[in-house]
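# Understanding the architecture of this molecule
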Amino acid sequence: MGNIIDGKALSVTVKDEVREQVAELEARYGRKPCLCVIIVGENPASQVYVRNKVKAAAYTGMDSRLIELPADTSEEVLLAQIRDLNEDPAVDGVLVQLPLPKHVDEEKVIDAIAREKDVDGFHPGNVSGLWLGKDCIVPCTPAGVIRLIDSTGVSISGKTAVVVGRSNIVGKPVAKLLLDRNATVVIAHSRTADLGAVTRLADILVVAVGKAGLITGDMVKPGAVVIDVGMNRNAEGKLCGDVDFASCEPVASWITPVPGGVGPMTIAMLMKNTISCFLSRM
Ligand code: GUN
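Remember, it's a predicted structure, so these values are computed and weren't measured experimentally.

### Things to note about the overall build of the chain
- For the chain, the helix and strand inventory stands at ten helices and eleven strands.
- In terms of overall size, the chain behaves like a compact globule, its C-alpha atoms giving a radius of gyration of 19 Å where 282 residues would be expected to give roughly 19 Å.
- Projecting the C-alpha coordinates of the chain onto the three principal axes gives extents of approximately 50 × 40 × 35 Å.
- A burial count over the chain gives 50% of its 282 residues as buried.
- Taking contacts inside the chain between residues at least 6 apart in sequence as the whole, the part at least 24 apart equals 71%.
- Looking at the chain as shown, the accessible area adds up to about 12900 Å², and 53% of this sits on carbon and sulfur atoms.

Below is the structure:
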């Protein structure tokens, strides 16, 4: 029987650490860190995520701003908004919620955020920093995944880690973080032949594809640590992951639930990244 990794509880621990840091920073520097979140349009999932980010900032005591722009906002207007925030000394972190409407070039938007305010760790300067092993802002979800694995007490070093998914936001950075911790890393993806044969190699299995129920119990090595990054809606509209929890939980030693696993940790790590951006600017 797998132990359930309580991402919600761990996220509260992380946010409590941040809350203490915010109080210390305010006492030392005379101002609090400030996170600015921009949402363009009315994607319901994005609206929930953004609301939760602002709520988490309030919990930690840091300042936050929410900028809600209509779906037809031009790329030019959005870029001008980002430039204003880059130059605003009161703002430490700038996050533009993805995905953006189709008429906006996401890459241009990500590149426009000042590297030192890039709390997402998506800026090319932070991405290259991660891959070159330099000090940089690490993307929130991958950082949260590592913290979740560490919370089990299972050592990553020397283990075989399989990452399913190769996105810039999760798959690629989490693979690099696992490599940095001396795992032997395999990246599987939609063209992987015999996915089950690959996932069964994993002592640590991280799944970030966006396909409900992709991983079933027969694809999991007995005793593996299973981290489910998926956030899908099933036919009944219920939130579910990429991992079929019912069949995988009895096989795994540790497993994250959806909801209550990776999601809350992503937001907690965003709070930590905002502190890092604040400190890099002082
Ligand atoms: N959309 C889904 N995940 C993320 C994330 O981590 N950051 C941003 N900015 N948008 C997202």
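Next comes the rest of the write-up.
### Re the sheet that holds strand S4 (residues 93–96)
- A sheet is described by the order of its strands in space; here three strands give the open sequence S3-S2-S4, paired in parallel fashion. Pairing within the sheet leaves two strands with one partner each, and these edge strands are strand S3 (63–69) and S4. Averaged over all pairs of adjacent strands, the angle between strand axes in this sheet comes to 15 degrees, irrespective of strand direction.
- In terms of strand pairing, strand S2 (residues 34–40) meets S4 through four bridges, oriented parallel. Bridge pairing links Ile38 to Val96 in S4.

### Topic: the packing of aromatic side chains
- Under the criterion given, the structure shown has one aromatic pair.
- The interplanar angle of 70 degrees and the centroid separation of 5.6 Å between the aromatic rings of Tyr29 and Phe278 together place this pair among those described as edge-to-face. You can see Tyr29 sitting in helix H1 (residues 7–29) and its partner Phe278 sitting in helix H10 (residues 262–280), a full 249 residues away along the chain.
- Assessed through its relative accessible area of 33%, Tyr29 is described here as partly exposed.
- Using a relative accessible area of 0% as the deciding quantity, one classes Phe278 as buried.

### Focus on the site of the ligand
- The environment of the ligand is formed by Lys53, Leu95, Val96, Gln97, Leu98, Asp120 and Phe122.
- Taking Asp120, its side chain carries an N or O atom lying 2.6 Å from a nitrogen atom of the ligand.
- When the ligand is considered free in solution it has 280 Å² of accessible area, and contact with the protein chains removes 82% of it.
- When the residues that make up the shell around the ligand are grouped by side-chain class, the tally is four nonpolar, one polar and two charged.

### A closer look at unusual backbone geometry
- Residue Pro99 is reached from Leu98 by a cis peptide bond, and omega for that bond is 0 degrees.
- You will see that Asn182, though not glycine, has its phi angle at about 70 degrees, which is positive.
- Checked against the element boundaries, Asn182 lands in the loop between helix H7 (171–180) and strand S6 (184–188).
- Not every positive phi belongs to a glycine, and Asp194 is a case in point at roughly 50 degrees.
- Within the fold, Asp194 resides in the loop between S6 and helix H8 (195–199).

### Some thoughts on the nonpolar core
- Judged by nonpolar contacts, the single largest core of 50 residues is most densely connected at Val145, Leu178, Val206, Ile227, Val229 and Met271.
- Once residues lying within four places of it in the same chain are set aside, the contact partners of Leu178 are Ile146, Ile149, Ile156, Ala161, Val163, Ala183, Val185 and Val206.
- Among the nonpolar cores identified, the runner-up in size contains 19 residues, and Ile38, Val91, Leu100 and Val104 belong to it.

### Comments concerning the confidence of the model for the chain
- Summary statistics for the chain give a mean pLDDT of 97 and a share of 100% for residues scoring 70 or more.
- No element of the chain has a lower mean pLDDT than strand S9 (residues 232–233), at 92, and none a higher one than strand S5 (residues 160–164), at 99.

### So, the sheet that holds S5
- Here we have six strands laid out as an open sheet, ordered S1-S11-S8-S7-S5-S6, and parallel in their pairing. The open sheet has two free edges, formed respectively by strand S1 (3–4) and S6, since each of these has just one partner strand.
- Where strand S8 (residues 225–228) meets strand S11 (residues 254–255), two bridges bridge the pair, whose relative direction is parallel. Along S11, the bridge assignment pairs Val226 with Ile255.

Each value, and the rule that gives it
- Residues numbered from 1 in each chain as written.
- Predicted model: local features only at pLDDT ≥ 70, side-chain atom pairs only at ≥ 80, totals over all residues.
- Heavy atoms only, no water.
- Helix = DSSP H or I, 4+ residues; strand = E, 2+ residues; numbered from the N terminus.
- Rg over C-alpha atoms; globule rule 2.2 N^0.38 Å.
- Buried < 20%, exposed > 50% of the residue type's maximum accessible area, 1.4 Å probe, protein only.
- Contact = heavy atoms within 4.5 Å.
- Areas by Shrake-Rupley, 256 points an atom, 1.4 Å probe, with all protein chains shown as cover.
- Pairing = 2+ DSSP bridges.
- Axes fitted to C-alpha atoms, helices over the stretch in contact; angles between N-to-C directions.
- Phe/Tyr/Trp six-rings, centres within 6.5 Å; stacked < 30°, edge-to-face > 60°.
- Near = heavy atom within 4 Å.
- Polar contact = N/O pair within 3.5 Å; in protein donor to acceptor, adjacent residues only side chain to side chain.
- Nonpolar A, V, L, I, M, F, W, Y, C, P; charged D, E, K, R; others polar.
- Core = buried A, V, L, I, M, F, W, Y, C linked by side-chain atoms within 4.5 Å.
- pLDDT = per-residue confidence, 0-100.

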